[in-house]
Amino acid sequence: MVRIGTLREFVAGFAAAVALGVGIAPAQAASCGISGTATATPAVFDPFNPTGFTSTTIVLDLTRVNNSGGGDTRYVAFYLKSPQVGADGTEIIPTAISGSVSQPFSAPSLGLNIFHNSTGPFPIITPADNVVASSSNRIMKIDFNGNNVGSNTAQVTFTVNLPAGTDLRAIHQLAFDAVFGCIVKGGKDNNVEQTGEIANAVVFPINVLSALRTYYAGTALDFGEIGAITTASLSGTPVRTGGALTNNYIAVQSSGAYNVQVTSANNYLLKKPGAATVDDQVNYQLDFLGQTRSPSNTTPISVSCQPATMSGEQLWIEGTLLEGGQGKNPSPTYNDQLTVTVTPLIYSDPGINDCGGFTVP
């Protein structure tokens, strides 16, 4: 018996590359409505922290958007949602408001979670001057009750909660879209009511870390007993390690883009211990992430991947024999070692490939 061909050792490496910082994105223009920004030391959300995100209190300057017709936003009612479905479950709760605004007008909104999941249901926001905020209609109402520059901004204190496992993309600051109804006072649009949505209207100083978790799953990449297999027979009857059929893959969860690199200790040769001649080695090829490597092409694999998300993805890996074992020197094992290094990328790098979409033969 000659048992040849186990890719016995598989090493998954991990190297962190996390950049932190804070910035404020400008809100998109609207003829009326609101935008909100805060400048503060950022809170940090680690998607892999099993205890979740400790509630953080943030004071935003909510600024009304005034149109070009001489009027100003007087009444606004709005709620927040996220462009990321993975943000579902977030809580954004206004707890206090100050500035040149009507306190009684806003009071019913305090204590309500004004964030709404991507699937709804969504609240009523019109008419902005008398719509009711309640536990069944979770909105924020503001009466900017002056027509001067000093009445343009209100300071609103929010409590923000992010549950453990919230599937957010890595980012320096966390922005939410505002869906609003508003009434203009003064100018050519006096008493006109408008509705709309402003992308990234409300920006919180919260860093979502670029982080990942990875491991190898499945069985050993094993060709089994190949001592009786001829090289000529492989063209009609390929011998493979199994790939998807035996669930051999690298599992990756990530909040940000990541890079995968692969090297072979023996340059894609299975060798017996103390190998000295060509009769002590067997050629094979590796298929991984849309790349093929063999003794004729040993360039390290390096692939940039888009975020895997917290639900994760599977990077299938498979070996195929290029030589039979017949005529090779007997040994209980012929081995190679593959080293796979998975590294999170910086926030500004979105990644290139949908790595979970690659298949193997």
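Note that the structure is predicted; figures quoted are calculated from it, not measured. (Residues numbered from 1 in each chain as written. Predicted model: local features only at pLDDT ≥ 70, side-chain atom pairs only at ≥ 80, totals over all residues. Heavy atoms only, no water.)

Caption draft 1: Here's a closer look at the side chain of T166. You can see T166 is positioned in the loop between strand 8 (153-161) and strand 9 (174-185). Residue T166 is classed as buried on the basis of its relative accessible area of 3%. A polar side-chain atom of T166 sits 2.5 Å from the main-chain carbonyl oxygen of P163. (Helix = DSSP H or I, 4+ residues; strand = E, 2+ residues; numbered from the N terminus. Buried < 20%, exposed > 50% of the residue type's maximum accessible area, 1.4 Å probe, protein only. Polar contact = N/O pair within 3.5 Å; in protein donor to acceptor, adjacent residues only side chain to side chain.)

Caption draft 2: Spatial organisation of the nonpolar core. Core analysis: the biggest nonpolar cluster contains 39 residues, and F78, I142, F158, F204 and I206 have the highest contact counts within it. No other element matches strand 9, which puts six residues into this core. With near-sequence residues (within four places) excluded, I206 lies in contact with A43, F45, F53, T56, I58, V160, L162, I171, H172, Q173 and L174. By size, the runner-up hydrophobic cluster in this structure holds 31 residues, among which are F223, V262, Y284 and F288. (Core = buried A, V, L, I, M, F, W, Y, C linked by side-chain atoms within 4.5 Å. Contact = heavy atoms within 4.5 Å.)

Caption draft 3: Main features of the side chain of S151. The residue S151 is located in the loop between strand 7 (140-143) and strand 8 in this model. Residue S151 is classed as buried on the basis of its relative accessible area of 2%. Looking at S151, its side chain comes within polar contact range of the side chain of S100, at 3.2 Å. With sequence-adjacent residues up to four places away left out, S151 is seen in contact with R64, S100, F144 and G146.

Caption draft 4: A look at unusual backbone geometry. With omega at 0 degrees, the peptide bond leading from G120 into P121 counts as cis. Looking at where P121 falls in the secondary structure, it is placed in the loop between helix 1 (103-106) and strand 7. Cis rather than trans, the peptide bond between T126 and P127 has omega equal to -5 degrees. Within the secondary structure, P127 is located in the loop between helix 1 and strand 7. Not every positive phi belongs to a glycine, and T309 is a case in point at roughly 70 degrees. Here T309 is to be found in strand 20 (residues 309-321).

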